[in-house]
2 protein chains.
Amino acid sequence: MSRQRATAFVPGHVTAFFSAHPAARPAAAGSRGAGVTLTDGVTVRVSAGGETEAGDGGSGARTIDGESGTIGAVDDALAELGATGVDVAVETDLPIGAGFGVSGAATLGAALAANDLLDRGRSENELVRIAHEAEVARGTGLGDVVAQARGGVPIRVEPGAPGIGELDGLPATARVEYVTFGELSTEEVLGGDTTALSAAGEDALDRLRADPRLPTMMDAARAFAREADLLVPEVAAAIDAVGEAGGEAAMAMLGRTVFALGTGLSDAGYDPEVCRIDAAGARLTVDGQG
Amino acid sequence: MSRQRATAFVPGHVTAFFSAHPAARPAAAGSRGAGVTLTDGVTVRVSAGGETEAGDGGSGARTIDGESGTIGAVDDALAELGATGVDVAVETDLPIGAGFGVSGAATLGAALAANDLLDRGRSENELVRIAHEAEVARGTGLGDVVAQARGGVPIRVEPGAPGIGELDGLPATARVEYVTFGELSTEEVLGGDTTALSAAGEDALDRLRADPRLPTMMDAARAFAREADLLVPEVAAAIDAVGEAGGEAAMAMLGRTVFALGTGLSDAGYDPEVCRIDAAGARLTVDGQG
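- Identification of chain A as Pantoate kinase from Halorubrum salipaludis is taken from an unreviewed UniProt entry.
- Checking UniProt for chain A, the heading Catalytic activity (unreviewed entry) contains the comment "(R)-pantoate + ATP = (R)-4-phosphopantoate + ADP + H(+)".
- The UniProt entry for chain A carries the following text under Sequence similarities (unreviewed entry): "Belongs to the GHMP kinase family. PoK subfamily."

## Focus on the nonpolar core
- By size, the foremost hydrophobic cluster in this structure holds 88 residues, and its most contacted members are F17(B), V36(B), M217(B), F224(B), L230(B) and F259(B).
- The greatest single-element share of this core, amounting to ten residues, is contributed by helix α2 (residues 102-117) of chain B.
- M217(B) has contacts with A16(B), F17(B), A34(B), G35(B), V36(B), V153(B), L170(B) and L208(B), leaving out every residue within four places of it along the chain.
- Counting residues in hydrophobic clusters, the runner-up holds 87 residues, among them V74(A), I155(A), V157(A) and V176(A).

## Quick notes on the pattern of salt bridges
- Throughout the structure, instances matching the rule amount to 26 salt bridges over all chains.
- A salt bridge links D75(A) to R62(A), with the nearest nitrogen and oxygen atoms 2.7 Å apart. With a gap of 13 residues between them, D75(A) in helix α1 (residues 72-80) and R62(A) in strand β3 (residues 62-64) connect regions that are remote in the sequence.
- A salt bridge links R150(B) to E124(A), with the shortest nitrogen-to-oxygen separation between them at 2.7 Å. Taken together, the residues span two chains, with R150(B) in helix α4 (residues 144-150) and E124(A) in helix α3 (residues 124-138).
- Salt bridges here are not isolated pairs; linked through shared partners, they connect R207(A), D219(A), R222(A) and E248(A).

## A short note on α2(B)
Residues and elements named next belong to chain B.
- For α2, with 16 residues, the first-to-last C-alpha span of 22 Å sits near the 22 Å given by 1.5 Å per residue.
- Burial of α2 is extensive: 16 of the 16 residues sit out of reach of the surface.
- Trailing α2 by a residue or two, D119 shows a phi angle of about 50°, which is positive.

The rules behind the values
Residues numbered from 1 in each chain as written. Chains lettered and ligands numbered in written order. Predicted model: local features only at pLDDT ≥ 70, side-chain atom pairs only at ≥ 80, totals over all residues. Heavy atoms only, no water. UniProt positions renumbered as here; feature names shortened; annotations may be inferred. Core = buried A, V, L, I, M, F, W, Y, C linked by side-chain atoms within 4.5 Å. Buried < 20%, exposed > 50% of the residue type's maximum accessible area, 1.4 Å probe, protein only. Helix = DSSP H or I, 4+ residues; strand = E, 2+ residues; numbered from the N terminus. Contact = heavy atoms within 4.5 Å. Salt bridge = Lys/Arg side-chain N within 4 Å of Asp/Glu carboxyl O. Expected span 1.5 Å × (residues − 1).

Structure, rendered in structure tokens:
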């Protein structure tokens, strides 16, 4: 392959509710739950390393939004593909650490783009598994990668990588608005006792599977945030304000972020970011493919 | 729900090779194989029936490209959703009966759109199962529906509807060209002895899974068409011409159609239709959703 660059886009993913399912094997670990993938996402450009050659063990350049920066799971996935020497540029308009699955998106995007650039010949399921394992092993996420690979409104019916986990989806398209008030540590929440959280997540999933509709997902998400004791004051106030204005909003897990369907946050007087449900999921983009 | 119309888009799907796997239960029947989903596809508009009310057993209006016409599997899927009274308009630029999975696309699109319009509350997997069962029961296809639901370059690893079958994919984006020389009856081929065909299809799938790359898929597809004795002269000539011009082409199963990657057919002097690999798969579209 003579191309010098490959590019992938991976949608952001806000989790509405979840239960945590640790396992000894990262491929079998994961979460059950549901969420929404977004047309706002992460673009990953992978190019042949300049000073370091792929395969000699050295690491290529790493940038996040133009500034030098690394994401652990990205490097782990590249190592699995024998691709640590490539240069990786991660670009996103999404806030980092605020519940949009940016680390999972960057990892999956890097795996897709590096596989393409270096002609590694891995299938989609293999690349999703590699990214899922890297994310789980780093403790930065449990279910974002498999959801981002599918797109739409993914339901994680059983936890784990492709071939182990199981997915369904809500058939829906909608405008999505969101506002972020700051970061929340995924590692901290997932590293603590998740028993009560997971019980609430299982209840929410049962409700959604019995009635797979967007309003049911939003209502189950609000109940989950209360029962799992994850609500923060600014988020709770925004959810209430959207409800009072007749809309549907919920908290993005895990971030100080509220997301709403349609014009929910605008109607409640907020100045939100606006995007849509992403129908496609993670994909290589035309850039560099002619 | 007060909306009067819902719209879905479903990509066309050309099968590169396949093996047939009949079963008593339509959900468990299907095919293994691989193919390419296309940005050229089928748009299905479902609207509240005019003279007939949904649920009274009467059938609403049915059009294909603006002319009165019905597709059996579409009506069966709508019946399963209690939606026979809706009006259904199927529109496509793809040739019908030429190996693009138009009947499967129309069926899946009708299921998605009718579920949305009438708020039937079925999940994506349920709607794909309903469309797959309708298509299999009518004998008009075995694997198009599950492939069209996924998008990209789907590999049907195990046959059947979601929850029974299993999918993987080739991570690829590419320009696709195609030329059609006429129809080929899916029912006739699938209704005959498929033993030799399926043996060739299994060989092709083994090759692709050992090396999941687009050129390998195209080469396995050419070997399949020869071994299964499905090649027709115009298609064989076009495949040879593309190969002589340095490109990759294969026959679309089941149709008198040749498809090529990149500018393969143009380079060989044909005047092809041009589209791309469709990343998203079947989806509701914004029309009518605000």
